[in-house]
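Per-entry structural report
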Amino acid sequence: MQNEVMSVELNSKSFLFRLSPTGTSEQWGLKYYDPDTGEYKLASQDAQLNVEFELGDLPGISDNARRALISKQQAVFIVEMEECTSGDWRFWQNGISLSSEQDAQDYNLTAEVQSSGKTLVLTIDNVLRNTALPGDMFDTIDFRFVAVRLNNSAGQLNEIFYSQDPRVGVRRNKPG
């Protein structure tokens, strides 16, 4: 899945992932769902998940209608926390921590934790065409997953861990 390009055309697209956190600095085991095989596959640690937003050429629509369609296109990343033998893990707070300041004027990123902390829903929408980037480049969103390992033993504190940095790249293609 090294820098695989996924695309969002007219409306929205959902992508499924599973995450196996660890209490060490080793890879957390982010897996993506491959619809061609019906299986989850391990994403390499240095992979960037690129999402291409494309509206295409829609002759006869107004600029206002085009802007409205662009604002409604979205990519949804659904990340499930796998059951781990090393403890009861949950996403903590909003489930991610941004690694650096992002170009927020070119897209919206929202994170929501659901299912008692076991599911993270990342939504990227309102992706605008970043004119500062060359045509084959993606605007990179760097973040870390944030999880808490609950301790059931009396007197022990819950522990918070940060993953290695996954990266998501977004861009909008010019209409054809």
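Residues numbered from 1 in each chain as written. Predicted model: local features only at pLDDT ≥ 70, side-chain atom pairs only at ≥ 80, totals over all residues. Heavy atoms only, no water.

**Some words on the pattern of salt bridges**
Counting across every chain of the model gives 8 salt bridges. Across the pair R18 and E80 runs a salt bridge, and its minimum N-O distance is 3.7 Å. In this pair, R18 is assigned in strand β2 (residues 12–19) and E80 in strand β6 (residues 74–81), connecting sequence segments 62 residues apart. Here E82 and K31 are joined by a salt bridge, their closest N and O atoms 3.8 Å apart. (Salt bridge = Lys/Arg side-chain N within 4 Å of Asp/Glu carboxyl O. Helix = DSSP H or I, 4+ residues; strand = E, 2+ residues; numbered from the N terminus.)

**A short note on the packing of aromatic side chains**
Summed over all chains, the structure comprises 7 aromatic pairs. With a centroid separation of 5.7 Å and 25° between ring planes, the pair formed by F17 and F77 is classed as stacked. Linking F17 in strand β2 with F77 in strand β6, this pair joins segments that are 60 residues apart in sequence. The exposure class assigned to F17 is buried, which follows from its relative accessible area of 2%. Of the residues examined, F77 reaches a relative accessible area of 3% and is grouped as buried. Between F91 and F145, the ring centres sit 6.3 Å apart and the planes meet at 55°, which makes this aromatic pair tilted. Of this pair, F91 sits in strand β7 (residues 88–98) while F145 sits in strand β10 (residues 139–150), and the two are 54 residues apart along the sequence. Judged on exposure class, the residue F91 and its partner F145 are both buried. (Phe/Tyr/Trp six-rings, centres within 6.5 Å; stacked < 30°, edge-to-face > 60°. Buried < 20%, exposed > 50% of the residue type's maximum accessible area, 1.4 Å probe, protein only.)

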